[in-house]
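Residues per chain are reported as follows:
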Amino acid sequence: MSGVNKNIVILISGSGSNMAAIVKAAQQHHWREQFGARVVAVISNKADAKGLVFAREQGMATAVVDHKAFDSREAFDAELMFAIDRHAPDLVVLAGFMRILTPGFVAHYAGRIINIHPSLLPAFPGLHTHQRAIDMGCQFAGATVHQVTSELDHGDILAQAVVPVLPSDTAQTLAERVLTQEHLIYPRAVERLLAAWS
Ligand code: GAR
């Protein structure tokens, strides 16, 4: 941790609604005054990620590291680390960042990198979580905030939210119900970490 200031870097790949929820919580709950914490940069592996527009509107630093420009995961992760470390992060927040990270990348940020996954882990790591929950006949689904380890969608659980699976649900309607809860639990989980570090 860099002295009293805590820099948060958020990684996104798409709409960035979790990132926006965290940025809004930081403003509304005065993270800067309370914890010396601020979101310093939003980085995406996709130039057209919608969330970048919001981040720029907020006046935050943004960067794009396009995974397609690299011929190995290691090379991409090295460049991504370079882009992240420019901002001296105390916390790296994966918010819909849809890349599998190398063990070296995860080790570099050990203890200061977290993720949100749209299932009740340890159920349904990986992709298509909502359809898989429906197909299994799950009566409940949800989301999990967890520490990132080199094992995909694994690591200590920091927060979870549970929603019912309704008989009429499609993957889309279930995803929307879960996402609403993600917007509540992710900022809260970040805030709890900042409070614990203060
Ligand atoms: C969220 O549902 C998040 O849990 C999921 O992607 C969505 C991103 O939405 N993440 C994963 O599936 C990671 N494996 P957002 O860009 O609007 O925050």
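Residues numbered from 1 in each chain as written. Predicted model: local features only at pLDDT ≥ 70, side-chain atom pairs only at ≥ 80, totals over all residues. Heavy atoms only, no water.

If you trace the seven strands from one edge of the open sheet to the other, you get β3-β2-β1-β4-β5-β6-β7, paired in mixed fashion. Lying at the two open borders of the sheet, with one neighbouring strand each, are β3 (61–64) and β7 (157–164). Strand after strand, the sheet turns through a mean of 20 degrees between neighbouring axes, direction not considered. Relative to strand β4 (residues 91–94), strand β1 (residues 6–12) runs parallel, the two sharing four bridges. Looking across to β4, one finds that L11 is bridged to L94. Along the sheet face, helix α7 (residues 171–197) touches β1, β2 (37–44), β4, β5 (113–117), β6 (140–147) and β7 and points at about 155 degrees away from the line of β7. (Pairing = 2+ DSSP bridges. Helix = DSSP H or I, 4+ residues; strand = E, 2+ residues; numbered from the N terminus. Axes fitted to C-alpha atoms, helices over the stretch in contact; angles between N-to-C directions. Contact = heavy atoms within 4.5 Å.)

Attention now moves to the nonpolar core. Of all hydrophobic cores here, the largest spans 39 residues; its most connected members are I8, I10, M19, W31, V93, Y186 and V190. In contact with W31, not counting residues within four places along its chain, are I8, I22, A25, A26, G36, A37, P187, V190, E191 and L194. V9, V40, A83 and V148 belong to the second-largest nonpolar core, a separate cluster that totals 20 residues. (Core = buried A, V, L, I, M, F, W, Y, C linked by side-chain atoms within 4.5 Å. Buried < 20%, exposed > 50% of the residue type's maximum accessible area, 1.4 Å probe, protein only.)

This part covers the environment of A75. By the element assignment, A75 lies in helix α4 (residues 73–85). Here A75 falls in the partly exposed class, since its relative accessible area comes to 28%. Each C-alpha atom, one on A75 and one on T102, is 9.9 Å from the other, the two residues being 27 residues apart in sequence.

Below, the discussion takes up the environment of A171. Within the element layout of this structure, A171 appears in helix α7. Spatially, the C-alpha atoms of A171 and H183 are 18 Å apart, while their sequence positions differ by 12 residues. A171 has contacts with H130, Q131 and I134, leaving out every residue within four places of it along the chain.

Around the ligand sit S15, G16, S17, N18, G96, M98, I116, H117, P118, L179 and E182, and those are all the residues in its vicinity. Between the ligand and S15 there is a distance of 2.7 Å, counted from an oxygen atom to a side-chain nitrogen or oxygen. N18 is positioned with one of its backbone polar atoms (N or O) 2.9 Å from an oxygen atom of the ligand. Across the complex, the protein chains shield 84% of the 460 Å² of accessible surface that the ligand would expose by itself. If you list the elements that add at least two residues to the shell around the ligand, you get α1 (17–28), β5 and α7. Considering only residue class, the shell around the ligand consists of four nonpolar, six polar and one charged. (Near = heavy atom within 4 Å. Polar contact = N/O pair within 3.5 Å; in protein donor to acceptor, adjacent residues only side chain to side chain. Areas by Shrake-Rupley, 256 points an atom, 1.4 Å probe, with all protein chains shown as cover. Nonpolar A, V, L, I, M, F, W, Y, C, P; charged D, E, K, R; others polar.)

Quick look at the packing of α1 against α7 now. Between two packed helices, both the angle of their axes relative to each other and the distance between the axes serve to describe the pair. Two elements in contact, α1 and α7, have axes separated by 9 Å at closest approach and are oriented at 45 degrees. It follows from the interaxial angle that α1 and α7 lie oblique. Our pair here, α1 against α7, has a crossing hand that is right-handed. Residues S17, N18, A21, I22 and A25 of α1 touch α7, and the partners they reach there are L179, E182, H183, Y186, P187 and V190. For the contact of α1 with α7, the per-class residue count stands at seven nonpolar, three polar and one charged. (Parallel < 35°, antiparallel > 145°, perpendicular 65-115°, else oblique. Left-handed = near helix turned anticlockwise from the far one by under 90°.)

In a regular helix each residue adds 1.5 Å, so 12 residues correspond to 16 Å; α1 covers 16 Å between its end C-alpha atoms and thus fits that length. Among the residues making up α1, those that are buried are N18, M19, A20, A21, I22, V23, A25 and A26. (Expected span 1.5 Å × (residues − 1).)

Attention now moves to the environment of E74. Within the secondary structure layout, E74 lies in helix α4. For the pair E74 and R132, spaced 58 residues apart in sequence, the C-alpha to C-alpha distance is 30 Å.

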